[in-house]
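The lines below spell out each chain.
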Amino acid sequence: MTWIFENWERFWEVTAVHLRLSVVPVLIGFVLAIPIGWWASRSQTARAILFPFANVLFTIPSIALIVITPVLIGVKILDEINVIVPLVVYTVALMVRAVADALAAVPGNVVAAANAMGFRPLRRFLTVDFPLALPVTIAGLRVATVSNISMVSVGALVGLGGYGQLFTEGYQTDNTDKVLAGLIGTVVLALLADGLLLLVGRLLTPWARVGR
Amino acid sequence: MPGYAERVKVFGIYIQGGPIGVVVTTGGIRRVIEFRAVTKRFEDGTIAVDELDLTVEAGTITVFVGPSGCGKTTSLRMVNRMIDPTSGTILVDGKDVLTVDPPTLRRGIGYVIQQAGLFPHRTVLDNIATVPLLSGWDKRKARTRAAELLEIVGLDANFGKRYPAQLSGGQQQRVGVARALAADPPVLLMDEPFSAVDPVVREDLQNELLRLQAEFDKTIVFVTHDIDEALKLGERVAVFQTGGHLAQYAKPAELLSAPANDFVASFVGRDRGYRTLTFLHADVPVHPVTTAKLGERVTITDWTLVVDEENRPKGWLSGVDGEVEVAEKDLISGGSLYDGTTLRGALDAALSSPSALGVVVDGAGAVTGVVHAGDVIQALAKARAAGEVPK
Ligand SMILES: Nc1ncnc2c1ncn2[C@@H]1O[C@H](COP(=O)(O)OP(=O)(O)OP(=O)(O)O)[C@@H](O)[C@H]1O
Ligand SMILES: [Mg+2]
């Protein structure tokens, strides 16, 4: 523990990088997953292609994806993009399923009622389908966020910042306290992010907890 | 909570552009719905509706009834283009619905769906305000209107802030009706709206619908598979047969007295003779009855009807000798009351009464006399001779 207090500034710096490297991909991945998930919820063909593809993506080890990304998209080896892109891919792979399942679970008679009232498709999606899909979507988002926070550490292996740096440095210099600092940082960040999303979810879906 | 009549009066002022003057009223516009040779064949080859020719009269409740899968929902949904016909034409007020953009068409046609289909994430008030908001009303006006509707369908104002999951099935159904009425559409489509509630609540909702209809003069198409509901609500009833055929389209009494084929005859049921009584308004002589008030000293000779201060029936008294004081504890509770409308009511009152005398009441519930079962049977015989009863 002493390492954190003695290296307060460094710890904050690492935390900021870690946060950025994990939150940015979640946001991008989430935004991408909504239309893709919507497509998958509407089309059998889309599901048949997207779901197995997403599963395959998940089986690729994150280190392999991080190492191969610069080769694939042609950026420098130390660029943060190398972590962000793979994590976006993981987030999309995870969220597409959550979004698609959540949208498919919107009750048929509610959808029919919305159509019968005269909603146009975009408005119906934004004000009926998507809000109703929020509880499941946010549950998926929590999983994606926590797993991203843990995966960002792998970026240290290709020289990027974040708590992973504390692991590699601590390991090389036999400084257990430094490794522990990285571990504590990861866990606390994951718990905080998860708690925050839980809270936001509750505020956004007050209806989901009544009358049951 | 105000009584029904008061609520309607409030609404009556309201739609005439009264105190708040926000409601776009349809002001007596009466829409006819015509199906002309309408066929719906789904992609898998199922023929859900087969050459349907039918006119729904303006300002009436028309009921589509028939067994499951006979094409009732499909027929209904072709009116607001949730389903488009394979061939044929549907006209609303003379206009081919296929020429109208579906969302626009639908905002002018109320739709009540099975099990209400309320938006679970919106409060009751917001649910009701849906169509006005879609049609571009401002928020406050839409909410004022929604609050009015809540009252019209008989729900307390504090239900407005609840979510649908906090309502009973019957209350949700009322909200469903309010939501459909919110933009004051001249046409209302209702798909088995009352099927998921218990019989007592269902009867309540049915009566409420009849009163709403009497007041607001909508053109209502009502789908059900319950023949009793169909006969009760429908000014005209369309009986569908499996395969999407219209078997018969007639007034309820005619369905009972002259079913077009065996299918209709069996669908309207075995006790259709008894049901027919519902639609017969023959004269049954009303006889005088001895009445007494609570606390009075009377000499009981025969069945005596005990009434309250307003002359409303409280129960029967019998079997005591000589002069007695009429006491609550001695009362034998009576059967159903006959309001002077249908033969079925008269027969039921006579048969269910402990004295075999059916109590007749007026609109205020005051006793006007009694009927005898024998007289009802005689009236039935007369009606039969006149050909009004099924053979
Ligand atoms: N989208 C569809 N694709 C194929 N067949 C359909 C479709 N919708 C309905 N059908 C079929 O069309 C027929 C009529 O269906 P419809 O829903 O109109 O029946 P219904 O009279 O409303 O029955 P219920 O009383 O059970 O609601 C049925 O055989 C049904 O299986
Ligand atoms: Mg149906």
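Rules used in this analysis
Residues numbered from 1 in each chain as written. Chains lettered and ligands numbered in written order. Predicted model: local features only at pLDDT ≥ 70, side-chain atom pairs only at ≥ 80, totals over all residues. Heavy atoms only, no water. Patch = residues over 30% accessible without salt bridge, like charges linked within 9 Å, V, L, I, M, F, W, Y side chains within 5 Å. Areas by Shrake-Rupley, 256 points an atom, 1.4 Å probe, with all protein chains shown as cover. Salt bridge = Lys/Arg side-chain N within 4 Å of Asp/Glu carboxyl O. Helix = DSSP H or I, 4+ residues; strand = E, 2+ residues; numbered from the N terminus. Buried < 20%, exposed > 50% of the residue type's maximum accessible area, 1.4 Å probe, protein only. pLDDT = per-residue confidence, 0-100. Contact = heavy atoms within 4.5 Å. Pairing = 2+ DSSP bridges. Near = heavy atom within 4 Å. Polar contact = N/O pair within 3.5 Å; in protein donor to acceptor, adjacent residues only side chain to side chain. Nonpolar A, V, L, I, M, F, W, Y, C, P; charged D, E, K, R; others polar.

1. Some words on a nonpolar patch on the surface
All names here are of chain A.
- There is a patch of nonpolar side chains on the surface, built from Ile68, Val71, Leu72, Ile73 and Ile81 and spanning about 470 Å² of accessible area.
- Mapped onto the fold, Ile73 is located in helix α4 (residues 62-73).
- For Ile73, a relative accessible area of 42% corresponds to the partly exposed category.

2. Quick word on the confidence of the model for chain B
All names here are of chain B.
- Overall, the prediction assigns chain B a mean pLDDT of 85, with 90% of residues at 70 or greater.
- Ignoring residues within four places in sequence, the model shows residues 1-28, a span with pLDDT below 50, making 38 contacts including any to other chains.
- In the predicted assembly, ipTM is 0.85 and pTM is 0.78.

3. Remarks on the pairing of strand β2 (residues 47-56) of chain B
All names here are of chain B.
- Sheet topology note: the strand β1 (residues 33-41)/β2 ladder contains six bridges and is antiparallel. Each residue of the ladder has a partner; that of Arg41, found in β2, is Ile47.
- Between β1 and the antiparallel strand that follows it, β2, lie five residues; Gly45 among them carries a positive phi value of about 95 degrees.

4. Let's talk about the pairing of strand β14 (residues 313-317) of chain B
- Direction of pairing for strand β13 (residues 304-307) of chain B relative to β14(B): antiparallel, over a ladder of four bridges. Across the sheet, Thr304(B) pairs through a bridge with Leu317(B), a residue of β14(B).

5. Quick look at the site of ligand 1
Residue and element names in this part refer to chain B.
- Neighbouring ligand 1 are Phe42, Asp44, Thr46, Ala48, Ser68, Gly69, Cys70, Gly71, Lys72, Thr73, Thr74 and Glu192.
- Ser68 is positioned with one of its side-chain polar atoms (N or O) 2.5 Å from an oxygen atom of ligand 1.
- Glu192 is positioned such that a nitrogen or oxygen atom in its side chain is 3.4 Å from an oxygen atom of ligand 1.
- Isolated, ligand 1 exposes 630 Å² of accessible area, and the fraction of that covered by the protein chains is 62%.
- Broken down by element, the shell around ligand 1 gets its largest block of residues, three residues, from helix α2 (residues 72-79).
- Across the shell around ligand 1, the residue classes break down as three nonpolar, six polar and three charged.

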